[in-house]
Amino acid sequence: MDKLIIEGGLKLKGGVQVSGSKNAVLPILAATLLTDDACIIKGVPNLRDTNTMLKILRSLGKNVEFDKGIVTVSSSKKLGFIADYKLVSSMRASFCVLGPLLAKLKKAKVSLPGGCIIGIRPVDLHLKGLRGLGADINVETGYVLAKAPKLKGASIYLGGVYGSSVLATGNVMMASTLALGKTIIESSACEPEVADLAEFLIKMGAKIRGQGTPIIEIEGVRHLHGATHTIIPDRIEAATLLIAALITESDVLIKNALPKHLGAIIDKLEEAGASLDKTDNSIHVRPLKKLNAVNITTLPYPGFPTDVQAQIMALMSVTLGTSIITEKIYPDRFMHVAELNRMGAYIQREGPYAIVNGVRELSGAPVMASDLRASACLVLAGLASRGKTIVSRIYHLERGYENLEGKLESLGARIWREKE
Ligand code: UD1
């Protein structure tokens, strides 16, 4: 296992390129199961999660090539219908092979993904949506067994206790592309990654309207064909790099960052006093010494993303004043609080709230990454700290950031990898 060492306190300078979106590419790769034709996906980030999805496609019988950010998926043999526990349990997004397999093969057996460190993470909305399309679904021995001689379009309400669900919307949208008649998904997730999946499905011949809004309409077609698609930039990586520049009071140009996908984040950072110059596809962070503490509440898109909650907490922990951070998507997603406090932050957790009292400075310390975004938070805190920070268990970081340490190093950070 590797750990990251960061010598903090240095300013960053220069330009950095955001990679393709992890959360867009995973369901889009799953969508290639809907056709026997070849599909070409460009701008694919080389991540542990991407490679897990490619392994699943291979295990189901697809031929997969991945070279220089381009994935080609083709078929030479019959598609399998069983997605194994080992692969699905290592990554929750694997569960979105269920919808495409069911639509294509009329049956699927997919392992339940289980919980993870950030919360229980049920799949009831996925199953509700597929049952709404007429699938017969049973849960046995840790697997979801789904059958449907013919899926039928229907009106399906997909709002849950915590709002819409990104992957449930994706799963049901993919299944309904090949259903008989019209499907209306109400309270569908509006995330840009869901809209990107819809764009890919449309290129494959699907008839979809309303992507990016809370009501998506899908008119089923008989079959889908191959398509070529370029993945949208990763808005969570862009936000992480924005915060890296702000936390080190640096001058950084973030390229391949789309302000139109980053509204809530830009709004909060500007409210805190950040100076950001935006074009259609880049954000230039101007160096600024003093920010103000701001309150943040995570919400489904277009609200402030839960996937940036940990990173903004690192920024608020060194911003004088009090910031209340409310987590409305995963009320237990606060594993990073204790680690930030080990570095000298002063954060109290009260249920779904974190009360962050900004301190003048953090001090480097050995800390442990617990999940993907918490790892990024600790790296950001390390950049702003006095002395050396050692972040262990960084395999979490590799799940979702393409070469983060290389990108930060190219901006002048002192960050390197060592064996534990
Ligand atoms: C996706 C993202 C993840 C992000 C999350 C919320 C991918 C690969 N992952 O995960 O990075 O943190 O959206 O923006 O895109 N829920 C239910 N029942 C369900 C499904 C979800 O109650 O059947 C709840 C969840 O526990 C959570 C909320 O709904 O509280 C939103 O989760 P959801 O949008 O489904 O997250 P994912 O799609 O798994």
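One can find the structure itself at the top, above this paragraph.
What counts, and where the lines are drawn
Residues numbered from 1 in each chain as written. Predicted model: local features only at pLDDT ≥ 70, side-chain atom pairs only at ≥ 80, totals over all residues. Heavy atoms only, no water. Helix = DSSP H or I, 4+ residues; strand = E, 2+ residues; numbered from the N terminus. Contact = heavy atoms within 4.5 Å. Pairing = 2+ DSSP bridges. Axes fitted to C-alpha atoms, helices over the stretch in contact; angles between N-to-C directions. Polar contact = N/O pair within 3.5 Å; in protein donor to acceptor, adjacent residues only side chain to side chain. Phe/Tyr/Trp six-rings, centres within 6.5 Å; stacked < 30°, edge-to-face > 60°. Lys NZ or Arg CZ within 6 Å of the ring centre and 35° of its normal. Near = heavy atom within 4 Å. Areas by Shrake-Rupley, 256 points an atom, 1.4 Å probe, with all protein chains shown as cover.

> For the environment of Glu-186, give the residues involved together with the corresponding values.
Looking at where Glu-186 falls in the secondary structure, it is placed in strand E11 (residues 182–186). Sequence separation of Glu-186 and Leu-10 is 176 residues, and the distance between their C-alpha atoms is 48 Å. Discounting residues that sit within four places of it in the chain, Glu-186 has contacts with Ile-156, Tyr-157, Leu-158, Gly-159, Pro-214 and Ile-215.

> Describe in detail the sheet that holds strand E12 (residues 207–209), supporting the description with residues and values.
In space, the four strands of this open sheet follow the order E10-E11-E13-E12, with mixed pairing throughout. Two strands bound the open sheet, and with one partner strand each, they are strand E10 (155–157) and E12. Taking the axes of each pair of neighbouring strands and ignoring which way they run, one obtains an average angle of 15° across the sheet. Here E10 runs beside E11; their pairing, made up of three bridges, is parallel. Following the sheet pairing, Ile-156 is matched in E11 by Ile-185.

> Explain the side chain of Gln-211 residue by residue, including any values.
Secondary-structure assignment places Gln-211 in the loop between E12 and strand E13 (215–219). One polar contact links Gln-211 to Glu-199, side chain to side chain, over a distance of 3.1 Å. Other than its neighbours up to four places away in sequence, Gln-211 contacts Ala-195, Ala-198, Glu-199, Ile-202 and Ile-216.

> Help me get a handle on the packing of aromatic side chains, residues and values and all.
In total, this model carries zero aromatic pairs according to the counting rule given. Lying across the ring of Phe-81, Lys-107 places its NZ or CZ 4.2 Å from the centre. The ring of Tyr-143 has Lys-109 sitting right over it, with the charged end atom 4.9 Å from the ring centre.

> Describe the site of the ligand, and please don't skip the residues or the numbers.
The ligand sits among 19 residues. The nearest are Asp-124, Leu-125, Ser-165, Asp-307 and Ile-329. Ser-165 is positioned with one of its side-chain polar atoms (N or O) 2.5 Å from an oxygen atom of the ligand. In this structure, an oxygen atom belonging to the ligand sits 2.6 Å away from a side-chain N or O atom of Asp-307. Here the ligand has 730 Å² of accessible area as a free molecule, and 91% of this is covered by the chains. Taken together, the elements giving at least two residues each to the shell around the ligand come down to helix H5 (124–132) and helix H6 (166–176). For the shell around the ligand, the leading source of residues is H5, giving three residues.

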